[in-house]
Structures are given as C-alpha cells and as structure tokens.
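Residue strings, one per chain:
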Amino acid sequence: MSELSEKKIIGITGTMGAGKSEAARIVREHYPVLDCDRVNARLLEPGEAGYKALAPYGFTGADGRIDKRRMAAAMFNDPQCKAEIEAILHPLIRQRILAWIDQQNGRLVFIEMPLLFETGSQDLFDEIWCVCVDDDLALYRLKTYRHISEEDARARIRTQSDPASKRRQSDVILWNNGTKAELRKAVEEALRKEQA
Ligand SMILES: CC(C)(COP(=O)(O)OP(=O)(O)OC[C@H]1O[C@@H](n2cnc3c(N)ncnc32)[C@H](O)[C@@H]1O)[C@@H](O)C(=O)NCCC(=O)NCCS
Ligand SMILES: Nc1ncnc2c1ncn2[C@@H]1O[C@H](COP(=O)(O)OP(=O)(O)OP(=O)(O)O)[C@@H](O)[C@H]1O
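Per an unreviewed UniProt entry, the recorded name for the protein chain is Dephospho-CoA kinase, and the organism is Catenisphaera adipataccumulans.

Okay, here's the thing in structure tokens:
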C-alpha cells in the first residue's frame, strides 16, 4: 500500500488514444476514478490556479476562456513553451490528485493519468495498469471517433514516452486492439484479481 494512505491506489495510463478513458469508464462502475485530463481542464477554467498562472501566455480568447487549440498548437510546436507550461500545471495537478486521494474512503481507488511516467509520478501508485493499442489503431480511433486530426495526434504522441517502455514499467497490461467488449472483459478480469 502507498505510504500516503491505507488505500490501494492504481494508476491507469497509456499513450494517447489507447483507450484509457474507455477502461476508466468500466472501472468507474465499481470504484472511484479520478481523470487527470478533467482535473487539468478544471484548472484552466477562468479564476482557477492554472488559468491565473497562464495569463502571461495570452491564450485567452474573446470569451475570456483559455483557447485550448491555440494552447495546444503553442505547446506541441515549441518544446520550450511546453516545458514551461508543464512546469506550471503538473505541480497543480499533483496537488489536486493528493487532495482527491485524501478524500476517498474506499479500499481501491483509481487515477487515470496519461503522463504518469513522463511526470515521474510512479511514487503515487501501488500498481500501474497500462492500456495498449497498436499505433495505427490509436490514430484511426482518434481521427474517427474523437475527430482529432492525425497530424495533431501524432504531434502529441511524439512527445510521450514510447509505449513499449510504458508497458515494461507497468504491472498490468490491458490490450485494446479488439472490440470494446473485449476491453471490458480484460478490465473486469483485472478487477477480479484485485478483489481476490
Ligand atoms: C494542451 C491542452 C490545452 C489540450 O487540451 P485538450 O482538451 O485538447 O486535450 P486534453 O487535455 O483532454 O488531453 C487529451 C490528451 O492529450 C495528451 N496530452 C495532454 N497534455 C499533454 C502533454 N503535456 N504532453 C503530451 N501529451 C499530452 C494526453 O494523451 C491526453 O490524454 C491540455 O491537454 C493541456 O493543458 N495540457 C497540459 C497539461 C498536461 O500535461 N495534461 C496531461 C496530463 S494530466
Ligand atoms: N476497443 C475499442 N473499439 C472501438 N473504439 C474504441 C475502443 N477503445 C476505445 N475506443 C474509442 O477510441 C477513442 C479513443 O479512446 P479513449 O478516449 O478511451 O483513449 P484515451 O487513451 O483516453 O485517449 P487520451 O489520451 O486522448 O485521453 C474513443 O473515441 C473511444 O470511444
């Protein structure tokens, strides 16, 4: 168990488009799951800590909200800008994760964290599950179902650590090259092992 608490804290990670959210949706039917992309989106809302800290970057649109397309274009075309923004947002995300963990009473809690390894966050977790998919299938799904251009998806994926290294560092591998029903089976099997 983590030194942070008596709970078992499980991280769900994987490359962009691997199916983390899909896996998390199934886990959420049984256990609490924190979605770090949502935590980050919240931090970027007007008045929130991330929004305030990013004011000098001029990403705010006419409606007073951060224009995420503009922010993504800046970040994924300029490694220096990306590093600066991450240095602002990642510690804030970590703070929110710790606060959320503290509020949970259950024995098992899950955190969906895309950049778990990239941010060196392994220390937060008792176990890490990695959702994996072939590269071409991830790009196809992102394009077809999430309407993200292949170019934008590739730009993000290029900056993430490679899937094989994520797999090597994970305790459980959930392959998602098949149907959603097959992913559900794999997730439910992993959950059964936790309950055993
Ligand atoms: C660039 C931003 C504005 C794009 O917002 P958008 O709503 O389009 O995407 P969303 O936040 O839902 O992320 C979708 C996926 O993009 C990938 N991604 C997001 N941020 C990053 C990053 N810094 N590096 C690599 N990949 C990333 C992840 O696979 C993530 O699951 C947003 O992702 C952001 O603020 N990123 C910086 C904070 C961060 O690192 N978040 C991810 C870890 S919690
Ligand atoms: N087995 C599957 N069959 C068909 N579509 C799938 C499958 N798994 C996931 N998808 C779809 O593929 C897309 C990408 O999956 P998902 O959003 O879960 O990935 P993710 O790893 O959370 O990506 P991100 O890093 O962007 O958050 C979604 O539209 C999802 O519904």
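Once you've had a look at it, read on.
A.B. asks: Just give me the short version of the domain arrangement of the protein chain, but keep the residues and values in it.
C.D. replies: When its domains are assigned, the protein chain resolves into domain 1 (8-32 + 106-185) and domain 2 (45-103). Relative to domain 2, the C-alpha centre of domain 1 lies at a distance of 21 Å. Together domain 1 and domain 2 conceal approximately 980 Å² of surface at their shared face, both sides included; 75% is due to carbon and sulfur atoms. The largest per-residue losses of area from domain 1 upon contact with domain 2 belong to Ile-111, Leu-124 and Arg-156, which jointly make up 39% of the total buried on that side. For the interface between domain 1 and domain 2, the tally reads 1 salt bridge.

A.B. asks: Go over the pattern of salt bridges with me, naming the residues and quoting the values.
C.D. replies: Per the counting criterion, the structure on display carries 16 salt bridges. Between Asp-67 and Arg-70 there is a salt bridge whose closest N-O contact spans 4.0 Å. When its relative accessible area of 30% is taken as the criterion, Asp-67 is described as partly exposed. We classify Arg-70 as partly exposed; its relative accessible area is 38%. Members of the salt-bridge network, linked through shared partners, are Lys-8, Glu-127 and Glu-194.

A.B. asks: So what about the nonpolar core? Which residues, and what values?
C.D. replies: Grouped together as the largest cluster of nonpolar side chains are 28 residues, with contacts concentrated most on Met-71, Ile-85, Leu-89, Ile-97, Ile-111 and Phe-125. When residues of this core are traced back to their parent elements, those giving at least two are α2 (36-43), α4 (68-77), α5 (79-103) and β3 (108-112). Per element, the largest residue contribution to this core is 8 residues, and it comes from α5. Split by domain, this core shows at least three residues from each of two domains, domain 1 (8-32 + 106-185) and domain 2 (45-103). Ignoring sequence-local partners within four residues, the contact set of Ile-85 consists of Leu-54, Tyr-57, Phe-59, Met-71 and Met-75.

Rules and cut-offs
Residues numbered from 1 in each chain as written. Chains lettered and ligands numbered in written order. Predicted model: local features only at pLDDT ≥ 70, side-chain atom pairs only at ≥ 80, totals over all residues. Heavy atoms only, no water. Domains from an automatic or database assignment. Buried area = accessible area lost by both parts, 1.4 Å probe. Salt bridge = Lys/Arg side-chain N within 4 Å of Asp/Glu carboxyl O. Buried < 20%, exposed > 50% of the residue type's maximum accessible area, 1.4 Å probe, protein only. Core = buried A, V, L, I, M, F, W, Y, C linked by side-chain atoms within 4.5 Å. Helix = DSSP H or I, 4+ residues; strand = E, 2+ residues; numbered from the N terminus. Contact = heavy atoms within 4.5 Å.

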